[in-house]
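Here is how the chains run, residue by residue.
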Amino acid sequence: MDARARRRALVQAGIAITSELSLDAVLQTLIRIAADLTGARYSALGVIDASGRELDRFVTYGIDDATRATIGDLPRGRGILGVLITDARPLRLDDLTTDPRAVGFPDHHPPMRSFLGVPVMTRGVAFGNLYLAEKQPAGPFSEEDQEIVTLLAAQAAVAIENAGSVQRDALRRAVEAQEAERKRLARELHDETGQALTSILLGLAAVERAETAADARAAAGELRELVVETLQNVRRLAVELRPSALDDFGLEPALRRLGQTVKESSALDVQVETRLGSGRLLPEIETAVYRIVQEALTNVVKHAAAERVSIVVARLPEKLTVIIEDDGSGFDPGAGPGDGLGLLGMRERVELLDGSLAIEAHQGAGTTLAVELPLPRGKPGPRG
Ligand SMILES: Nc1ncnc2c1ncn2[C@@H]1O[C@H](COP(=O)(O)OP(=O)(O)OP(=O)(O)O)[C@@H](O)[C@H]1O
Ligand SMILES: [Mg+2]
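Below: a short report on this structure.

What about the overall build of the protein?
Tallying secondary structure elements over the protein gives 10 helices and 10 strands in all. By the burial criterion, 39% of the 384 residues in the protein qualify as buried. The long-range share in the protein, meaning contacts at least 24 apart out of those at least 6 apart in sequence, stands at 63%. Approximately 22100 Å² of the protein is accessible, and the part contributed by carbon and sulfur atoms is 53%.

Right, here's the structure in full:
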């Protein structure tokens, strides 16, 4: 390929890689193009795990499924592959089998001699490594090959970051859909109220029909219970489903109302303290905080057997902090996820807003949830 053809191929490669939306497709396209442009028979990409020391994913190109199956376990990043993990710089070898750092191939592994590896960095952190092997026709990879692959790796890094934000968008849409569903339910609740009122009407008819004062009193007594019950249900459900107070007045009154509702319907002493200053927060932040406090309070009522719970929401110049602390039974947050969705949903909400959630709980010594949500600088814009 002459220089112009290569340049053109590189531009096309960049477009192909960055137009993929899912992470898998980005990685597959990257290794295929890298092999094509350098004449490598095999290529692969290893994704580095959270520890930063091992590979936890390995996608390959050039090896058919049957061969791949007979090789067995995928490499975890020892030997030459490990060199690139500990030292994130391009590595070019004429014969990787004779390198002293090599650990040898497993049985059934196709022979590979010439080798070129480059790190893929996203936001200054090693995301993984791109490996090429067996240049065709047989020979070492050139300096130019290395430059090309380095460039591809940089383009792939952008696509990898994009794929991450596409996933975040999907999550955002899911949460918005949930909110819409809740709105719909709130309307249904209205209709339920209609039903309850109908029962009350029927009850009133019974009072009218009563022949004696004693009968009337008895019917009225039943009716009274029905009204009290309905009223409580409607209030509780309405608050749970759609925090209209949030829309109308903002976070602070909505949280107070939530605290009040929990206090009335349980024996809990609920303290709500807010330091929010003036000016509304972004709607998605208000909703997230409201839902998080709501779930945390529900958990305290359901699981903690606590006497007291305090909620402190404070706005700092750059972040919003929410601390929910109870003096209940506590639990083991390291015990792994059970069937509950509450804490999971909380985490998702927090992640969606680039925030953090810490749970401090000890068996028998209460639970503290601490949430931090970054606030955009300056005036809140119309959207995130
Ligand atoms: N404040 C708390 N005090 C004691 N235990 C808690 C508290 N919060 C959570 N837990 C424990 O953590 C578990 C997980 O909570 P999570 O909210 O995720 O699920 P859940 O409340 O059981 O179900 P869901 O929220 O889906 O209705 C609970 O089952 C409970 O054992
Ligand atoms: Mg829960």
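Here's the deal with the sheet that holds strand E3 (residues 91-93)
Backbone hydrogen bonds are what pair the strands of a sheet, in a parallel or an antiparallel way. Strand order across the open sheet formed by 5 strands is E2-E1-E5-E4-E3, with antiparallel pairing between neighbours. The strands lining the two open edges of the sheet, one partner per strand, are strand E2 (55-61) and E3. Adjacent strand axes in the sheet meet at a mean angle of 15 degrees, parallel and antiparallel pairs treated alike. Of the strand pairs in this sheet, strand E1 (residues 40-48) and strand E5 (residues 125-135) are connected by 7 bridges, and their pairing is antiparallel. The residue bridging Val47 from the neighbouring strand is Gly128, located in E5. Across the sheet, helix H4 (residues 79-86) touches E1, E2, E3, strand E4 (115-122) and E5, and the angle it forms with E4 is around 35 degrees.

Details of the coordination of the magnesium ion (ligand 2)
All of the protein donors around the magnesium ion (ligand 2) are Glu295 (OE) and Asn299 (OD1); their distances to the metal are 2.1 Å. Note that Glu295 and Asn299 are positioned in helix H9 (residues 283-304) at a spacing of 4 residues, about one turn of the helix.

Some remarks on unusual backbone geometry
Peptide bonds are trans in most cases, and residues, glycine excluded, mostly fall at negative phi. Looking along the chain, the bond that leaves Gln136 and enters Pro137 is cis, with omega of -10 degrees. Looking at where Pro137 falls in the secondary structure, it is placed in the loop between E5 and helix H5 (143-209). Despite not being glycine, His108 has its phi angle at roughly 70 degrees, a positive value. For His108, the position within the fold is in the loop between E3 and E4. Judged by its relative accessible area of 57%, His108 falls in the exposed class. Unusually for a residue other than glycine, Ala305 sits at a positive phi of about 50 degrees. Here Ala305 falls in the exposed class, since its relative accessible area comes to 72%.

Points about the nonpolar core
In this structure, Ile285, Val289, Val293, Leu320 and Ile324 are the most contacted members of the largest nonpolar core, which totals 37 residues. Only helix H8 (251-265), strand E6 (269-275), H9, strand E7 (308-315), strand E8 (319-326), helix H10 (342-352) and strand E10 (367-374) provide two or more residues apiece to this core. The element that contributes the greatest number of residues to this core is H9, accounting for 10 residues. Discounting residues that sit within four places of it in the chain, Leu320 has contacts with Leu276, Leu281, Ile285, Val289, Val313, Ala314, Arg315, Val371, Glu372, Leu373 and Leu375.

Topic: the packing of H9 against H10
To characterise two packed helices, one gives the angle between the axes of the helices and the distance between these axes. Closest axis-to-axis distance for the H9/H10 pair is 10 Å, and the angle between their directions is 160 degrees. The orientation of H9 with respect to H10, classified from their angle, is roughly antiparallel. In the crossing of H9 with H10, the sense of the turn from one axis to the other is left-handed. On H10, the residues that touch Thr287, Ala288, Arg291, Ile292, Glu295, Ala296 and Asn299 of H9 are Gly342, Leu343, Met346, Arg349 and Val350.

A closer look at the pairing of E1
Extensive coverage of E1 is indicated by the burial of 8 of its 9 residues. Where E1 meets E2, 6 bridges bridge the pair, whose relative direction is antiparallel. Within the sheet, the bridge partner assigned to Ala44 lies in E2 and is Thr60. Counted along the chain from E1 to the antiparallel partner E2, the turn is 6 residues long, and its residue Gly52 has a positive phi close to 80 degrees.

With respect to the site of ligand 1
Surveying the vicinity of ligand 1 reveals 15 residues, the closest of which are Asn299, Lys302, His303, Leu341 and Leu343. Measuring from an oxygen atom of ligand 1, one finds a side-chain N or O atom of Lys302 at 2.8 Å. His303 is positioned with one of its side-chain polar atoms (N or O) 2.7 Å from an oxygen atom of ligand 1. When the free accessible area of ligand 1 is taken as 600 Å², the share hidden by the protein chains comes to 73%. Secondary structure elements with two or more residues in the shell around ligand 1: H9 and H10. Considering every element that reaches the shell around ligand 1, the biggest residue donor is H9, with 6 residues.

Topic: the environment of Val312
Relative to the helices and strands, Val312 is located in strand E7. Separated by 37 residues in sequence, Val312 and Arg275 place their C-alpha atoms 7.9 Å apart. In this structure, Val312 is in contact with Glu273, Arg275, Thr321, Val322 and Ile323, ignoring residues within four places of it in sequence.

Rules behind the numbers
- Every chain begins its residue count from 1, and numbering advances along the sequence as written.
- The order in which chains are written sets their letters, starting at A; the order in which ligands are written sets their numbers, starting at 1.
- Where totals are concerned, whole chains, interfaces and linings use all residues; where local detail is concerned, this predicted model gives features only for residues with pLDDT of at least 70, and gives and counts side-chain atom pairs only at 80 or more.
- With hydrogens and water stripped out, all remaining heavy atoms of the structure feed into the side-chain values.
- Helix numbering and strand numbering both begin at the N terminus, where a helix is a DSSP run of H or I of at least 4 residues and a strand a DSSP run of E of at least 2.
- Each residue's exposure class comes from its accessible area (1.4 Å probe, protein chains only) as a fraction of the maximum for that residue type: buried when under 20%, exposed when over 50%, partly exposed otherwise.
- Note on contacts: a residue pair qualifies if any of its non-hydrogen atoms lie within 4.5 Å across the two residues.
- Values of accessible area rely on a 1.4 Å probe in the Shrake-Rupley scheme; residue burial ignores everything except the protein chains shown.
- For two strands to be treated as a pair, DSSP must find no fewer than two bridges joining them.
- What counts as an axis is a line fitted to C-alpha atoms, over the stretch in contact for a helix, and the angles between N-to-C directions run from 0 to 180 degrees.
- In this listing, donors mean N, O and S atoms no farther than 2.8 Å from the metal, or 3.2 Å for Na, K and Ca; water is missing from the atoms, so a site can look incomplete.
- Residues belong to one nonpolar core when they are buried, are Ala, Val, Leu, Ile, Met, Phe, Trp, Tyr or Cys, and are joined through side-chain atoms within 4.5 Å.
- Working rule for angles: under 35 degrees goes down as roughly parallel, over 145 as roughly antiparallel, 65 to 115 as roughly perpendicular, anything else as oblique.
- Put simply, a crossing is left-handed when the front helix is turned counterclockwise from the back one by less than a right angle, and right-handed when it is turned clockwise.
- In these notes, residues near a molecule or strand are those with any non-hydrogen atom within 4 Å of it.
- Here a polar contact is recorded for every N or O atom pair within 3.5 Å, except that within protein the pair must consist of a potential hydrogen donor and a potential acceptor, and residues adjacent in sequence are included only if both atoms are side-chain atoms.

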